[in-house]
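Listed here are the chains, written in short residue letters.
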Amino acid sequence: MPEHDRNLLTGQLSRRTFLSFGITGLTISAFASCKAPPLSQRPEVITPPTAHDDDWSAIRAHFITKPGVTFMNNASIGMPPDVVTKAVAHGYEAMSRDPILAKDELNNLIQNRVHPNLARLIGAKSSEIVLTRNASEALHLAAMGLTLEPGDEVLLTTQEHPSGRRPWRYRAARHGITATEVFIPSPFEHEDAVVERVAAHISHRTRAIAFCHVTRGGHLYPVRKLTTFARERGIVTIVDGAQAIGMLPVDLHELGCDAYAASLHKWMLGPIGTGVLYVRENSRERFRSVYTEESTPEQPNYEPTGTVDLPVRAGLDAALSFIDTIGIEAIERRNRYLSNQLKARLANMRSVRVLSGPTDKTSAPGSTIFEMNDVDAVAAVKVLADKRAIHIDEHKRDGHNAIRVSTHFYNTVDEIDHLIAALEEL
């Protein structure tokens, strides 16, 4: 038997093979040496020239959604393309065939491709990020690690996700800090209104401001203005970016925050259970590791310890390649196009009041919230899922009885029309 075939059958992995694929290659092809015959590379994906459906049909073909299912709940959890699901599956298969060799190869892939490519996507240095299970874990690590004394104050807004509130309430109960919530209306008329409300609550005890990049309801916060305001006063900023990465361009160095947390299984379409924590290099003296007392600004040791799900983290390479090949700017345009199509149709319904921000500066390009007269949002979501296989979410908070629709680039105008028809039946 030829040596090549013998290597395939014995499940040997080659580092050269593993790391040799370009941005359009399949991560899972690296695991193909575990099987005979090897899997082929995925078809090349190109950046669509417009935001219209016809130009995005080839990209939509990479998703394996069950026929008849309309998925418009990306703000809760994303729908990975086929290349990502296969990458994770083959990672686990490699671990079963030769655990030690696969462990080394997966670790190499994560360090040599996932870390630098993710850092590049979000405008950070590879040394400034660590992988986590989700945004909640990353927010917890940042909040627990921030150096604070009893009596110090942290400001957060009323539109934060529960995972953005809990760590500060914990620190208030256990460490004697003050966690003050700043009311932000939903929607707000202009981005300066957010800065003005936060500024009105600043005191001599304020040490940090924690806020969303994009709120659960799809409102877009003026991150750069808030971080600039805070830095001029020596105040730390911690941003919840769970609803931003993969939906729109993010440049953390440009945004100027000290720490940023995000889930990678939402808009970036990574494997479920993946997230990232960013701590700016020159802010490390403000954040301690919660895992070891030996951390220093040079060796901060922020990353969670212990065994991690290597095939899942390695699967991020396929998601990053997919997003990068399409282009995040094109994705933002497509998302804005779809949400505008949805808002236009909702505006023609007499019983509907759209609550999303009135401008591109105050509304995210993916999530749209609205209320319907005499319709309970929670009940409506269940009815649409059970009767029409349309998956959306409720937004029964911020004083609203609202429905949330979060469309991503693989959705279509036909699906929006399908949703509108179902809403009209309600």
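Above this text sits the structure in question.
From a predicted model like this one, the values you see are computed outputs, not experimental measurements.

Draft legend 1. Here's a closer look at unusual backbone geometry. A cis geometry characterises the amide bond from Ser186 onward to Pro187, with omega recorded as -5°. Structurally, Pro187 can be placed in the loop between strand 4 (178–182) and helix 8 (191–199). If you check the backbone angles, Asn301 has positive phi at about 55° while not being a glycine. Of note in the backbone geometry, Ala389 takes a positive phi value of approximately 55° without being a glycine. In this structure, Ala389 sits in the loop between helix 14 (377–388) and strand 11 (390–391).

Draft legend 2. Molecular detail of the sheet that holds strand 9 (residues 352–354). If you walk across this open sheet you meet the four strands as 9-10-13-12, and the pairing is antiparallel. The open sheet is flanked by strand 9 and strand 12 (393–395), the only strands paired with a single partner. For this sheet, the mean inter-axis angle between neighbouring strands, taken without regard to orientation, is 35°. Bridge count for strand 12 against strand 13 (residues 402–406) is three bridges, and the pairing is antiparallel. The residue bridging Glu394 from the neighbouring strand is Ile403, located in strand 13.

Draft legend 3. Fine view of the pairing of strand 3 (residues 153–157). Within strand 3, five of the five residues are buried, which leaves it mostly tucked inside the rest of the structure. Burial along strand 3 is two-sided: the residues Glu153, Leu155 and Thr157 and Val154 and Leu156 are all buried. Alignment of strand 3 against strand 4, held across five bridges, turns out to be parallel. By the bridge assignment for strand 4, Val154 is matched with Ala179. In terms of handedness, the path from strand 3 via helix 7 (residues 162–175) over to strand 4 forms a crossover that is right-handed.

Quick notes on the rules
Sequence order sets the numbering: in each chain, residues are counted from 1 along the sequence as written. Where totals are concerned, whole chains, interfaces and linings use all residues; where local detail is concerned, this predicted model gives features only for residues with pLDDT of at least 70, and gives and counts side-chain atom pairs only at 80 or more. Excluded from the side-chain calculations are hydrogens and water; all other atoms, namely the structure's heavy atoms, are used. A run of H or I in DSSP counts as a helix once it spans at least four residues, and a run of E counts as a strand once it spans at least two, with each numbered from the N terminus. A pair of strands is considered paired only if DSSP assigns at least 2 bridges between the two. An axis is simply a line fitted to the C-alpha atoms; with a helix, the fit covers only the stretch in contact. Between two such axes, the angle follows the N-to-C directions and lies from 0 to 180 degrees. Each residue gets one of three labels from its accessible area relative to the maximum for its type: buried under 20%, exposed over 50%, partly exposed in between, using a 1.4 Å probe on protein chains only. A clockwise course of the path from the first strand over the helix to the second, judged with the strands pointing away from the viewer, identifies a crossover as right-handed.

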